[in-house]
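# Structural description and commentary
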Amino acid sequence: MTLADLPIRDELRGSEPYGAPQLDVPVALNTNENSYPVPEQVVEAIVAAVRAEAAGLNRYPDREAVALRDGLARYVGHGLTVHNLWAANGSNEVLQQLLQVFGGPGRTALGFTPAYSMHPILATGTGTAWVDGRRKADFSVDAENAAADVRKHDPDIVFLCSPNNPTGTALGLDVVDAVLAESRGMVVVDEAYAEFARPGTPSALSRLGASPRLVVTRTMSKAFALAGARLGYLAADPAVIDAVRLVRLPYHLSALTQAAARAALAHADALLATVEAIKQQRDRIVDELTARGLDVVPSDANFVLFGGVGDQKTVWRRVLDEGVLIRDVGLPGYLRVTAGTPAETDAFLAALDAALRDKEQKPA
């Protein structure tokens, strides 16, 4: 029997599961992880917190994760409280819960692709129809076009990304305001990479008081270097938290995950100390690739999208041959690289130079 023989839903037939290649390479720069390990003092704090929970694992965890949500509220600021925060197993579960409660059969989600590829996948998984909005040639989204797309499609949920994955572009609050003004449904601003934004880049958190239909999602996977812990969260009006609780699985967030995340939040300064170093490497990559004559998209994230490479699949493979794994995001002529350590940037640039030399030397 094959997958095609199973009685799966029609809209899932022919689909591919989400996932970047997980290869054993010297330099992995394809999944936007934080290249810096968790500092030893934070490791010790997490281990102690998890150990303290271990004896009580015969009991279910706090299904409301109150202490964790309180810590998240204090971290994000903006006058938010525990009643404005919700947490789950990565921001993907948060997004799925939002689609479960506000999307579903007969409802529509609108996004502006290229954007985070899990948005349409999660929409399909919840039976929510997906429609694409418009990005400009430079991958930006402007307020006028975004509002027009909302009027045209009348979606139940709008997904905005700032900074956007895979382009790294951030949104002005005028876009968020315009979409909120035109939309009758929920507006979700995915800010998974917000900590890496350049100075002056606004956060939609500052707009939460303006509308109960606005939701801002974030993660501890990137800036906090906790991708393996799987902790994402949202900030919204308390009524949104109540709505999400209608669809959450019982005790969805384990006691161990909650303990690890609380310990990490208590050491936020130590964990976030690498953010500036990563931003420096991001800006270095932008400068270096621009100097090579490539089409580089300005980035407010911990990665850089660049074009002008010709057949991106061939260049991707040649870079991989040099021991460096970057990401082919499916945009013709473009590739994406995560900003890591200085040594990783050195390796990437050397590998890319080798790939570009091969391309130039190859007979037409």
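Use the structure listed above.
Residues numbered from 1 in each chain as written. Predicted model: local features only at pLDDT ≥ 70, side-chain atom pairs only at ≥ 80, totals over all residues. Heavy atoms only, no water.

### A closer look at the overall build of the protein chain
Convention followed: Only DSSP runs of H or I reaching four residues or more are called helices, and only runs of E reaching two or more are called strands; each is numbered from the N terminus. Taken over C-alpha atoms, the radius of gyration is set against a globule rule of 2.2 Å times the number of residues to the power 0.38. Burial here depends on accessible area, computed with a 1.4 Å probe over protein chains only, as a share of the maximum for the residue type. Under 20% is buried, over 50% is exposed, and the range in between is partly exposed. Methods summary: accessible areas were calculated by the Shrake-Rupley approach with a probe of 1.4 Å, and residue burial reflects only the protein chains presented. Only four residue types enter the tally: Lys and Arg on the positive side, Asp and Glu on the negative side; His and the chain ends are excluded. A single reference atom marks each charge: NZ on Lys, CZ on Arg, CG on Asp, CD on Glu.
Secondary structure summary: the protein chain contains 12 helices and 12 strands in total. Taking 2.2 N^0.38 as the reference for a compact globule, 364 residues should give roughly 21 Å; the C-alpha atoms of the protein chain span a radius of gyration of 21 Å, in line with that estimate. Of all 364 residues assigned to the protein chain, the portion counted as buried reaches 52%. Approximately 16200 Å² of the protein chain is accessible, and the part contributed by carbon and sulfur atoms is 52%. Averaged over its 35 positive side-chain charges, the protein chain has a centre that lies 3 Å from the centre of its 44 negative ones.

### Topic: the nonpolar core
Where a protein is soluble and globular, its nonpolar side chains tend to be buried together. The line we're drawing: Remark: nonpolar core denotes a set of buried residues (Ala, Val, Leu, Ile, Met, Phe, Trp, Tyr, Cys) joined through side-chain atoms within 4.5 Å.
Counting residues in hydrophobic clusters, the biggest one holds 48 residues, and the most contacted among them are L68, L160 and M220. Ranked by residue count, the leading element in this core is helix α6 (residues 173-182), at 6 residues. Counting 35 residues, the second largest nonpolar core, distinct from the first, contains F196, L294, V337 and A351.

### Quick notes on the sheet that holds strand β3 (residues 108-111)
Condition: Two strands form a pair only when DSSP identifies at least two bridges running between them. In this analysis, axes come from line fits to C-alpha atoms, helices being fitted only over the stretch in contact, and the angle between any two N-to-C directions falls in the range 0 to 180 degrees. What makes two residues a contact is simply this: any of their non-hydrogen atoms within 4.5 Å.
Sheet architecture is open: 7 strands sit in the order β2-β8-β7-β6-β5-β3-β4, paired in mixed fashion. In this open sheet, the two strands that pair with only one neighbour each are β2 (85-88) and β4 (129-132). On average, each strand axis in the sheet is inclined to that of its neighbour by 25°, with strand direction left out of account. Summarising the sheet, β3 and β4 pair through 4 bridges and their orientation is parallel. The residue bridging G111 from the neighbouring strand is D132, located in β4. Sheet strands touched by helix α4 (residues 118-125): β4, β5 (157-161) and β6 (186-190). Its angle to β4, the strand with the most contacts, is close to 155°.

### Details of the sheet that holds strand β9 (residues 295-296)
The 3 strands are arranged β9-β10-β12 in an open sheet whose pairing can be described as antiparallel. Each end of this open sheet is capped by a strand with a single partner; those strands are β9 and β12 (334-338). By the bridge criterion, 5 bridges tie strand β10 (residues 303-307) to β12 in an arrangement that is antiparallel. Note that in β12 the partner of G307 across the bridge is Y334. With respect to the sheet, helix α10 (residues 275-291) is in contact with β9, β10 and β12, its orientation differing from that of β10 by roughly 15°.

### Notes on the pattern of salt bridges
Put simply, the test is: Salt bridges are defined as contacts in which a side-chain nitrogen from Lys or Arg sits within 4 Å of a carboxyl oxygen from Asp or Glu.
One pass over the structure, following the stated rule, counts 25 salt bridges. A salt bridge links R292 to D353; the nearest nitrogen and oxygen atoms lie 2.7 Å apart. Pair noted here: R292 is in the loop between α10 and β9 and D353 is in helix α12 (residues 342-361), with a separation of 61 residues, a long-range link. Looking at R292, the relative accessible area reads 30%, which means it is partly exposed. Across the pair K313 and D328 runs a salt bridge whose closest N-O atoms are separated by 3.5 Å. Of this pair, K313 sits in helix α11 (residues 312-321) while D328 sits in the loop between β11 (324-325) and β12, placing them 15 residues apart in sequence. Here D328 falls in the partly exposed class, since its relative accessible area comes to 22%. In the salt-bridge network here, residues are joined through shared partners; they are R63, E64, R69, D242, R245 and R248.

### Side note on a nonpolar patch on the surface
What counts here: Like-charged residues are merged into a patch within 9 Å and nonpolar side chains (Val, Leu, Ile, Met, Phe, Trp, Tyr) within 5 Å, provided each residue has over 30% relative accessible area and no salt bridge.
A grouping of M1, L3 and L6 is seen on the molecular surface, where their side chains present a nonpolar patch of about 360 Å² in accessible area. By secondary structure assignment, the location of L6 is in the segment before β1 (27-28). With a relative accessible area of 33%, L6 lands in the partly exposed category.

### So, helix α2 (residues 66-76)
Listed as buried for α2 are L68, R69, G71, L72, A73 and V76. Contacts from the buried residues of α2 go to β2, β8 (232-236), α7 (238-244) and α8 (255-266). Just downstream of α2, G77 is the residue with a positive phi angle, here 70°.

### Examining the environment of V297
Mapping V297 onto the fold places it in the loop between β9 and β10. In the structure, V297 is positioned 135 residues away from S162 in sequence and 14 Å away in space, judged by C-alpha atoms. Excluding its chain neighbours within four sequence positions, the residues that come into contact with V297 are D138, F139, T167, T169, V304, L305 and Y334.

### Overview of α4
Let me state the cut-off plainly: Each C-beta atom gives one direction from the helix axis, and the arc is the one those directions make.
When we look at burial in α4, the residues that qualify are M118, H119, L122 and A123. Each buried residue of α4 sits inside an arc of 140° when the element is viewed along its axis, so together they form one side. Taken together, the buried residues of α4 touch α3 (90-102), β4, β5 and β6.

Everything listed is a geometric property; what it means functionally is a separate question.
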